[in-house]
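# A structural walkthrough
Each chain is listed here by its residues.
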Amino acid sequence: MKRIVIVALVILGCLMTGCSLPQDAALPAPSLPVQGIDTLRPPGDVFALLLDGNTLWCGGVDGVCAVDTQTRTVTAIVDAGRPMTYVRGIAVDHEGALWFACERGLVRWKDGQATWFTTKEGLPDNRVNCVLVTRAGDLWAGTWSGAAMRTAGGWTVLGKRDGLADDMVRVMLEDKSGSLWFGSYIAPAGGLAIRNASGWQTFSTAGGLPHNDVVSLLEAPDGTVWVGTGFLDDGGAVQFERKGDTWQPRRTLGKAGGLAGGKARSIYVTGDGILIVGSEYQGMAIQTRQGFRVLTTMDGLSNDEVKSMVEDSNGNLWCATRDGLTIINRQTLLNIEEGTS
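Read on for an overview of the structure. Keep in mind that what you see is a predicted model, and the values were worked out from it rather than measured.

Our focus in this paragraph is helix 2 (residues 330-338). Turning to helix 2, its buried residues number three or more, namely T332, L333, L334 and I336. Looking at the buried residues of helix 2, the elements they touch are strand 23 (275-278), strand 24 (284-287), strand 25 (292-295), strand 27 (317-321) and strand 28 (324-328). A side-chain oxygen of the first residue of helix 2 lies 2.7 Å from the backbone nitrogen of Q331; this N-cap is N329. With its phi angle positive at about 85°, G339 sits one or two positions after the end of helix 2.

Let us now look at the pairing of strand 8 (residues 105-110). Most of strand 8 is tucked away: 5 of the 6 residues are buried. Note: strand 7 (residues 98-102) against strand 8, 5 bridges, orientation antiparallel. Pairing of W99 across the sheet is with R108, part of strand 8. Two successive antiparallel strands, strand 7 and strand 8, enclose a turn made up of 2 residues. Two elements, strand 8 and strand 9 (residues 113-117), share 5 bridges in a ladder whose sense is antiparallel.

Let's shift gears to the pattern of salt bridges. Applying the stated criterion to the full structure yields 16 salt bridges. Here R127 ties to D125 by a salt bridge, and the two come within 2.9 Å at their closest N and O atoms. Judged by relative accessible area, D125 falls into the buried class, the value being 10%. As a salt-bridge pair, E305 and R265 come within 3.4 Å of each other at their nearest N and O atoms. Placement of the pair is E305 in the loop between strand 25 and strand 26 (306-311) and R265 in the loop between strand 21 (246-253) and strand 22 (266-269), with a sequence separation of 40 residues. For E305, a relative accessible area of 5% puts it in the buried group. Residue classification places R265 among the buried positions, given a relative accessible area of 6%. Connected via shared salt-bridge partners are K263, R265, E280, E305 and R322.

A word on the side chain of Q239. Looking at where Q239 falls in the secondary structure, it is placed in strand 20 (residues 234-243). Leave out the neighbours within four places in its chain, and Q239 touches D222, T224, V225, W226, Q248, P249, R250 and R251.

Glancing now at the environment of T71. Within the element layout of this structure, T71 appears in the loop between strand 4 (63-68) and strand 5 (73-77). We classify T71 as partly exposed; its relative accessible area is 47%. Expressed as a C-alpha distance, the spacing of T71 and N54, which sit 17 residues apart in the sequence, is 9.4 Å. Within the local environment of T71, its side chain forms a polar contact with the side chain of T73, the two groups lying 2.8 Å apart.

What follows concerns the packing of aromatic side chains. By the definition in use, this model includes 9 aromatic pairs. An angle of 75° between the planes, with centres 6.0 Å apart, marks the rings of F117 and W155 as edge-to-face. Pair noted here: F117 is in strand 9 and W155 is in strand 13 (residues 154-158), with a separation of 38 residues, a long-range link. The pair formed by F117 and W155 is uniform in burial state, with each residue classed as buried. With centroids separated by 5.8 Å and ring planes inclined at 85°, the aromatic side chains of W181 and F240 adopt a geometry described as edge-to-face. Placement of W181 in strand 15 (residues 180-184) and of F240 in strand 20 is noted, with a sequence separation of 59 residues between them. Taking the relative accessible area as the measure of exposure, W181 reaches 0% and is therefore buried. The rings of W181, F203, F240 and W247 are connected pair by pair, giving a single aromatic cluster. Between R170 and the ring centre of Y185, over which it is positioned, the NZ or CZ distance is 4.5 Å. The ring of F47 is capped by K307, whose NZ or CZ atom sits 3.7 Å from the centre of that ring.

On to the sheet that holds strand 28, then. Spatial strand order, 1-28-27-26: 4 strands in an open sheet with antiparallel pairing. Only two strands of the sheet have a single neighbouring strand rather than two, namely strand 1 (37-40) and strand 26. Neighbour to neighbour, the strand axes of the sheet diverge by 25° on average, direction disregarded. Here 4 bridges tie strand 1 to strand 28, and the two strands are oriented antiparallel to one another. By the bridge assignment for strand 28, I37 is matched with I328.

Attention now goes to unusual backbone geometry. P42 connects to P43 through a cis peptide bond whose omega is 10°. Within the element layout of this structure, P43 appears in the loop between strand 1 and strand 2 (46-52). Look at the link from A187 to P188: it is a cis peptide, with omega at 10°. Note on placement: P188 falls in the loop between strand 15 and strand 16 (191-196). At R72, a position not held by glycine, the phi torsion is positive, near 60°. Among the secondary structure elements, R72 is positioned in the loop between strand 4 and strand 5. The phi dihedral of Y86 falls on the positive side, at around 50°, and the residue is not glycine. By relative accessible area, which is 32% here, Y86 ends up partly exposed.

The rules behind each value
- Residues numbered from 1 in each chain as written.
- Predicted model: local features only at pLDDT ≥ 70, side-chain atom pairs only at ≥ 80, totals over all residues.
- Heavy atoms only, no water.
- Buried < 20%, exposed > 50% of the residue type's maximum accessible area, 1.4 Å probe, protein only.
- Helix = DSSP H or I, 4+ residues; strand = E, 2+ residues; numbered from the N terminus.
- Contact = heavy atoms within 4.5 Å.
- Polar contact = N/O pair within 3.5 Å; in protein donor to acceptor, adjacent residues only side chain to side chain.
- Pairing = 2+ DSSP bridges.
- Salt bridge = Lys/Arg side-chain N within 4 Å of Asp/Glu carboxyl O.
- Phe/Tyr/Trp six-rings, centres within 6.5 Å; stacked < 30°, edge-to-face > 60°.
- Lys NZ or Arg CZ within 6 Å of the ring centre and 35° of its normal.
- Axes fitted to C-alpha atoms, helices over the stretch in contact; angles between N-to-C directions.

Printed below as a string of C-alpha cells:
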C-alpha cells in the first residue's frame, strides 16, 4: 500500500509541475482490466506468423494452420504428408508457395502439395529454425549447422568460417538496403552477423549486445533494426542504426528500463509507430508517451510468452503465444499509447 501511495504521489507531482516520467520507465499496472483484447484457440502453442491478405498462417508445436482474420476461425490445417512439428518460421516466395521451417526439415507447400527438403536434398541440418525469401527471390534456411541458400544446383551453406557469429542460425532478416542479418542462439557463443556488399560485421556482448542469444530481428519503419536477445530473464533489445556502410548500436532497452522481462522474445513496431516487446514469460511491454505499459494474462493475454506479432489490414495486433493467439484491437493500442486505457 505504501508503494502504491508513493507512485501515485510521483505521478501527481509530474502532472502538477508539467514534467514527464522517464521515457523507458515501467508504468504502474491499472486497477481495471483492459478492454479490446481477445484470445483464439486453437491453435495452441504458436511460434511463427505470416499474414497473406486476410489469411494468417500460424506455425507452432503441432504444425501449421490458417486463420481467417475477419471471421477469426481456423480455415485450414496443413497436411505435409508426415509430421511437421515445431514450425518456427514461415515465408512465402515469389511464386506464391509457402515455406515452413520445422525441426524435421524445410517444407515447400503449394496447391495442397508438400515437398520436403532435408539433409538428403543438401541441407546442412534437418533442424531448421527460420526461413527467409529475399526481395531478389533468394531462399535461405537457417539451421543448427549454418545458413543455406537454395541454388539451381542445390544449396550453398554459410557457417562460422564464412563470417557468421556461429553455425547455429536462429533468426534472419533482409533490411531495405539488402544487407542480411543472421542471429545465433547458443550462448555463451552466438551473437549477430550482418553481411552487405562491403563484407561482414559481427556483434556480441563485447560489442554492444545485452546477451549473445539472438532471438528476434525487426526492421522498423524508420530504417533502424531492432535486435532482441536473451535467455530466460536475462538480455534485452538493441536498436541499430546505419552509419555509412556499417551498423552501430544506438539504444538498448532492458527490464530495468521498462520491458516486461529481460529476454526480448519478440519485437514489433505498429503502423502507428508503437514499439512493442514480448518477453519469455512475463507478458509484453507497449511503449507509451510516459513509458512502457506491461500487459500480462491478468489483462487478457492468452499466455505471458509472446513469440511473434503481426498487424492485420485493420491495424489489429495478432500475437503468437505459448497458449493460443491474442488479438489486441488497434484502438486499444492507441489508447494504451496515449495513456487513456
